[in-house]
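What follows is each chain in one-letter form.
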Amino acid sequence: MTDTPMTSVTAPPPPVSGRNPMASVLIHAALIAASIAMIYPLLWMVSASIRPEDEIFSSTSLLPSSVDFSSYIRGWFGLDISFGRFFWNSLVVSVLTVTGNVMACSLAAYAFARLRFKGRNFWFAIMLGTLMIPYHVTLIPQYVLFLNLGWVDTYLPLVVPKFLASDAFFIFLMVQFFRGIPRELDEAAMMDGCSPWRIYWKIMLPLSLPVLATAAIFSFIWTWDDFFGPLIYLNDMNNYTIQLGLRTFVDSSSTSDWGGLFAMSTLSLVPVFFFFLFFQRLLIEGIATTGMKR
Amino acid sequence: MNTATHASAADIAVERHQSVRARGRLARLWASNAPGYLFLLPWLLGFFGLTLGPALVSLYLSFTDFDLIRAPQWTGAANYVRIATADPKFAAAMQVTLTYVVLSVPFKLTFALLVAIALNRGVKGLTFYRAIFYLPSLLGGSVAIAVLWRQLFAGDGLVNAALSQFGIEGPSWISHPNYSIYTLVALSVWQFGSPMIIFLAGLRQIPTDMYEAASLDGASKFRQFYKITLPLLTPVIFFNAVVQTIDAFKAFTPAFIISGGTGGPINSTLFYTLYLYQEAFGNFRMGYASALAWILVVIIAIFTAFSFLTSRYWVHYDD
């Protein structure tokens, strides 16, 4: 327990003494069966996207009779506007969101974790309270506000709130991490006449790269997957994100082009899968230490 | 005359002295508080402008008729009265959502707990299994997965193709009003990975010497689970249950994609949030939708309060 919580979570489990080899085999068999059942739908979708169109519904097997990438080309150009545009839009929104979240939330978290000011505990409690409020309560007045500002059908309603630290969850995550950084470091810097800004910029942020990365990755994935926000604020197809593009594809081709639909669905999962592959440890630690929802 | 001017000069001097001292106090107050508030400024702006302000406005709107074009018309409690007494769609949405919550949360948590316990026995390849089980949680919120689900449970979908191997002819699960909700429950249970990871972290905190002592005393594995694991894990179970339930109340995307935005067939997938969306952005009944939003808040608040109140009877905390 002297270790930081971040490492103890992924440490290997204690060895179980006197384990029955038969039980171990059974457990492995059950786990393997469960793993296959869990990822079968995903693998099936990938294989459906690369098999000849007429084979998609005739076979439950994962192996296509021949590999055929034409679904990707059909899907990419399946709507009036190519999927390249939707991917680009999603990337723009996600990158801006990540920037806003990391900047604004780390500023607030530094204030809560390190600075002394009147009302700090009060505001901290308020911040925690906002985590509980379902966004539906603010949805309609926010929409009216952004409508009057002329922001509907732009990315501003999706992005500007992040620069005002609207995802308070990340503030909480960062406060937890900042509190674990030894106070002696910034106290010594303060003795040397360092301003709070310099301490934040030169000491806290460089020491907090793991939590900043965790927040950035989750923020990217949630924004990439977000459907509700774009659905409400974006009308012009030129502005659609990938999720809206997929939804339009489902509506326009629900019975005809399953191959193209699965190809684009598979592509839309690639960025998230990439983060899963390379930053799995950070993601799992983030969930285990804070109880993040996804 | 002379004395008066003297007196006033003295007064001015005293006043000046006091104001200098006051300014000094102000300056100190400023110096000690300004950095904190400056760092907090973006969040404070967001809190007042995007959370507190809008929440109060939506409370006001919930007592009005508002269609975005004309100014809101005050109607008193009419929206709430209609919701409570004369809105069959509200009743349907409530029933669908409660069914979804009551079925998906216990199944999801049970799976998560069972798999976490199996993985915590020191199995080889823990990180591999954990990754596989976690993947659906990470991908599950996207439209692509909802699209996939719609195909899996369609009349000619993968599930029925698999069932036909056993000679069973399944219905079109998605478009049958009796079954459609269960496909959404299955989608939610499939994403048991993140509560599983939290359970794993919780299991790791239970000291192993407790089990050693128990098995020396001859306690069976089942008894150890029932008497050690489960009680010590209740805080984590409690946490997961609250978080997952609130999340289930807020579910939107899968129902929207699977039903094409209608909540059909026959309102069988009309999640509460989907109904709220239809009222606000389909029918532009913004006042009515605001009332629906506040009812959702009250339901979630009542549920959360209830969980915390009952927690002391079943959640085990170290003193």
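Residues numbered from 1 in each chain as written. Chains lettered and ligands numbered in written order. Predicted model: local features only at pLDDT ≥ 70, side-chain atom pairs only at ≥ 80, totals over all residues. Heavy atoms only, no water.

S.K.: What is the right way to look at the overall build of chain B in this model?
M.R.: Helix and strand counts for chain B stand at 13 helices and two strands. Considering only C-alpha atoms, chain B reaches an extent of 115 × 70 × 35 Å along its principal axes. For chain B, the proportion of its 319 residues judged to be buried stands at 48%. Taking as baseline every contact in chain B between residues at least 6 positions apart, the subset at least 24 positions apart corresponds to 67%. (Helix = DSSP H or I, 4+ residues; strand = E, 2+ residues; numbered from the N terminus. Buried < 20%, exposed > 50% of the residue type's maximum accessible area, 1.4 Å probe, protein only. Contact = heavy atoms within 4.5 Å.)

S.K.: Which parts of the structure should I look at to understand the UniProt feature "transmembrane region" (unreviewed entry) in chain A?
M.R.: As annotated in UniProt, the feature "transmembrane region" (unreviewed entry) corresponds to residues 22-44, 86-110, 122-146, 158-178, 199-224 and 261-284 of chain A in the numbering used here. Secondary structure within residues 122-146 of chain A divides into 88% helix and 0% strand; the distance between the first and last C-alpha atoms comes to 29 Å. (UniProt positions renumbered as here; feature names shortened; annotations may be inferred.)

S.K.: What is the right way to look at a nonpolar patch on the surface in this model?
M.R.: A cluster of nonpolar residues, F273, F274, L277, F278 and F279 of chain A, forms a patch on the protein surface that exposes about 490 Å² of accessible area. By the element assignment, F273 of chain A lies in helix α14 (residues 258-290). (Patch = residues over 30% accessible without salt bridge, like charges linked within 9 Å, V, L, I, M, F, W, Y side chains within 5 Å. Areas by Shrake-Rupley, 256 points an atom, 1.4 Å probe, with all protein chains shown as cover. Salt bridge = Lys/Arg side-chain N within 4 Å of Asp/Glu carboxyl O.)

S.K.: Help me understand unusual backbone geometry, please; the structure alone is not making it clear to me.
M.R.: What is expected of a backbone is that most residues other than glycine have negative phi and most peptide bonds are trans. Residue and element names in this part refer to chain A. Even without a glycine there, the phi angle at D153 is positive, about 70°. Within the secondary structure, D153 sits in the loop between α6 (136-148) and α7 (156-163). For D153, a relative accessible area of 23% puts it in the partly exposed group. Although it is not a glycine, A165 adopts a positive phi angle of roughly 55°. Take A165: it is sitting in the loop between α7 and α8 (168-179).

S.K.: Quick question: what am I supposed to make of the interface of chain B and chain A here?
M.R.: Accessible area lost upon the coming together of the parts is a frequently used measure of interface size. Each partner contributes to the interface: chain B provides 92 residues, whereas chain A provides 93 residues. Roughly 8200 Å² of surface becomes buried between chain B and chain A when both sides are summed, with 78% attributable to carbon and sulfur atoms. Contact with chain A buries surface across chain B, with F39, W43 and L50 of chain B losing the most and accounting together for 10% of the total. Linking chain B with chain A are zero salt bridges, by the criterion used here. Between the two partners, chain B and chain A, sit eight residue pairs in polar contact (both at pLDDT 80 or more). Examining the composition of the side of chain B that touches chain A, we find that 23 residues originate from one element, helix α1 (residues 2-61) of chain B, more than from any other. Looking at the side of chain B that touches chain A, its residues break down into 62 nonpolar, 22 polar and eight charged. (Buried area = accessible area lost by both parts, 1.4 Å probe. Polar contact = N/O pair within 3.5 Å; in protein donor to acceptor, adjacent residues only side chain to side chain. Nonpolar A, V, L, I, M, F, W, Y, C, P; charged D, E, K, R; others polar.)

S.K.: How do you make sense of the domain arrangement of chain A when you look at a structure like this?
M.R.: Residue and element names in this part refer to chain A. When cut into domains, chain A gives domain 1 (20-68) and domain 2 (83-290). The C-alpha centroid of domain 2 is placed 33 Å from the C-alpha centroid of domain 1. With eight residues of domain 1 at the interface, the matching set in domain 2 holds nine residues. Both sides together, the interface formed by domain 1 and domain 2 hides about 650 Å², and carbon and sulfur atoms give 76% of it. Of all residues in domain 1, M45, S49 and E53 bury the most surface against domain 2, accounting for 59% of the area lost on that side. Taken together, the links from domain 1 to domain 2 amount to zero salt bridges. The interface formed by domain 1 and domain 2 contains zero residue pairs in polar contact (both at pLDDT 80 or more). A per-class count over the side of domain 1 that touches domain 2 returns six nonpolar, one polar and one charged. (Domains from an automatic or database assignment.)

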